[in-house]
Amino acid sequence: FANYCMSDTEFEGTTGAANVVPKQVGAFKKSDHIMIKGFPCKIVEMSTAKTGKHGSAKAHIVGIDIFTSKKHELVAPTSHMNPAPNVTRGEYQLIDIADDGFLSLMDNDGQQRVDIRNGAGQLGEDLKTKFDNGATLKITTQIACGQEVMVSFSDFK
């Protein structure tokens, strides 16, 4: 299960077996996280075909990459093992948005970091607009396979 966390984009951090756990394909359910072709995905569709005369039951899984929103598919016997990524969330207070798009963030312990980019598209535009209008905001990130990206924001309470 080494190097199951790959991407077509370079990211800071480590990858490998510590970021995934083996799980039987038949044990996955809709909305679980699964590695498909080296990408951490959230399962959006799953179906199983019954055992044939000369084979095992097969699962067809459709997942959406949790970082890029690209669709990936997997067809595998339900008895086979497949890696599942460890996915966690982080929460930070937004301090500033740099001209290069990096966010200046502070965690609950007062530690600052500047290694996460503003979200792409409408999410990033909405964040910048609210921040420029003086709002105090909380940033939520999703972490898997040594990668961390902003997935949402809300008013800081």
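The rules behind the values
Residues numbered from 1 in each chain as written. Predicted model: local features only at pLDDT ≥ 70, side-chain atom pairs only at ≥ 80, totals over all residues. Heavy atoms only, no water. Pairing = 2+ DSSP bridges. Helix = DSSP H or I, 4+ residues; strand = E, 2+ residues; numbered from the N terminus. Axes fitted to C-alpha atoms, helices over the stretch in contact; angles between N-to-C directions.

Engineer: Got a minute to help me understand the sheet that holds strand β3 (residues 39–49) in this structure?
Structural biologist: Where strands meet in a sheet, backbone hydrogen bonds hold them as pairs that are either parallel or antiparallel. As summarised here, the arrangement of the 4 strands in space is β2-β3-β4-β5, forming an open sheet in which the pairing is antiparallel. Here the strands that pair on one side only, and so sit at the sheet edges, are β2 (33–36) and β5 (71–77). Averaged over all neighbouring strand pairs, the angle between strand axes comes to 45°, with direction disregarded. For β3 and strand β4 (residues 58–65), the ladder comprises 8 bridges, and the chain directions are antiparallel.

Engineer: I keep staring at the sheet that holds strand β10 (residues 137–144) and nothing clicks. Help me out?
Structural biologist: Read across the sheet, 5 strands follow the order β9-β8-β7-β10-β11 without closing on themselves; strand pairing throughout is antiparallel. The sheet is open, and its two edges are formed by β9 (112–117) and β11 (147–155), each paired on a single side. Strand-to-strand twist in this sheet, taken as the mean axis angle between neighbours without regard to direction, amounts to 45°. Here strand β7 (residues 88–97) pairs with β10 via 6 bridges, running antiparallel.

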